[in-house]
Amino acid sequence: EGNIISPGEFIPAAERYGLMPSIDLRNIHQSFDYISKLNLDGSSIFFINLSGQSLASDSFYESVEVLFKQYQINPGNICFEITETAVIANLGKANKFIKLLQSKGVYFALDDFGTGLSSFAYLKNLSVDFIKVDGEFTISMMDDVISRAMVEATINMGETVGIPIIVECVETQSTLDELLELGADF
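Here goes a summary of the coordinates provided. It should be emphasised that the depicted structure is a prediction, and the values quoted were computed from it without experimental measurement.

What counts and how
- Residues numbered from 1 in each chain as written.
- Predicted model: local features only at pLDDT ≥ 70, side-chain atom pairs only at ≥ 80, totals over all residues.
- Heavy atoms only, no water.
- Phe/Tyr/Trp six-rings, centres within 6.5 Å; stacked < 30°, edge-to-face > 60°.
- Helix = DSSP H or I, 4+ residues; strand = E, 2+ residues; numbered from the N terminus.
- Buried < 20%, exposed > 50% of the residue type's maximum accessible area, 1.4 Å probe, protein only.
- Core = buried A, V, L, I, M, F, W, Y, C linked by side-chain atoms within 4.5 Å.
- Contact = heavy atoms within 4.5 Å.
- Salt bridge = Lys/Arg side-chain N within 4 Å of Asp/Glu carboxyl O.
- Axes fitted to C-alpha atoms, helices over the stretch in contact; angles between N-to-C directions.
- Parallel < 35°, antiparallel > 145°, perpendicular 65-115°, else oblique.
- Left-handed = near helix turned anticlockwise from the far one by under 90°.
- Pairing = 2+ DSSP bridges.

### Points about the packing of aromatic side chains
- Tallied over the entire structure, the rule returns eight aromatic pairs.
- For the ring pair Tyr61 and Phe97, a centre distance of 6.4 Å and an interplane angle of 90° mean the geometry is edge-to-face. Separated by 36 residues along the polypeptide, Tyr61 in helix H4 (residues 60-71) and Phe97 in helix H6 (residues 91-102) bring together distant segments of the chain. We note that Tyr61, like Phe97, is buried.

Next up, the structure:
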């Protein structure tokens, strides 16, 4: 009807009917079209979310490859974000997808880190280039010791394993100062 619909309204239905790979491909297509018109250097990275259904799709990798060729996008300018829940659904296919694209220079970020019960265990089984701390921990870290401990533990783990940490939802100077003191990378 020409109205904007938020992702929270349509994604559950799209997931239920197996439409997320089509939506992800459209998002990648539109992103690549935009990126291809920019004069980028090698240091710019665009983050694009992927669903679990796309990671599990047998044809999704080939479709992404076609889009890279069509738009002549430098793989080093792209980082696909995947959530723990997306990876849990099919760890084997997710790892295969990640490794294939990483071999071409694409980056991967584990998004919403800390929301799953086995967050830290996934780091042993996934080859990701960034970890993104879930914003809910960041928003409450100044008032909640458990949220702060989760953020600090994630930053420490990233430092230990050599994976840069991105912290979402940094909304105040005091939170930024605290994150810098803890050693957050981005």
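### Notes on the nonpolar core
- Residues Ile28, Phe32, Phe68, Ile78, Phe80, Leu101 and Phe108 are the most contacted members of the largest nonpolar core, which totals 42 residues.
- No other element matches the six residues that H4 contributes to this core.
- Apart from the residues lying within four places of it in its own chain, the contact partners of Phe68 are Phe32, Ile73, Pro75, Ile78, Phe80, Leu101 and Val106.

### Quick word on the pattern of salt bridges
- Summed over all chains, the structure comprises eight salt bridges.
- Residue Asp111 pairs with Lys132 through a salt bridge whose shortest N-O separation is 4.0 Å. Taken together, the residues span a long stretch of sequence, with Asp111 in strand S3 (residues 107-113) and Lys132 in strand S4 (residues 130-133) at a distance of 21 residues. Like Lys132, Asp111 is buried.
- Via salt bridges that share partners, Glu81, Asp111, Lys132 and Glu168 belong to a single interconnected network.

### Some remarks on the packing of helix H9 (residues 145-161) against helix H10 (residues 173-182)
- In the contact formed by H9 and H10, the axes pass within 10 Å of each other and the chain directions differ by 40°. What the angle tells us is that H9 and H10 run oblique. Relative to H10, the crossing made by H9 is right-handed. Contacts between H9 and H10 involve Arg148, Val151, Glu152 and Ile155 from the first element and Glu178, Leu179 and Leu182 from the second.

### Here's the deal with the sheet that holds strand S5 (residues 165-167)
- With respect to topology, five strands assemble into an open sheet ordered S1-S2-S3-S4-S5, the strand pairing being parallel. Every other strand in the sheet has two partners, leaving strand S1 (46-49) and S5 as the edge strands with one partner each. Adjacent strand axes in the sheet meet at a mean angle of 30° when their direction is disregarded.
- The pairing of S3 with S4 spans three bridges and is parallel. Paired with Leu110 across the strands is Ile131, a residue of S4.

### Notes on the environment of Asn125
- Looking at the element boundaries, Asn125 is found in helix H7 (residues 119-125).
- Asn125 sits 60 residues away from Asp185 along the chain, and the two C-alpha atoms are 22 Å apart.

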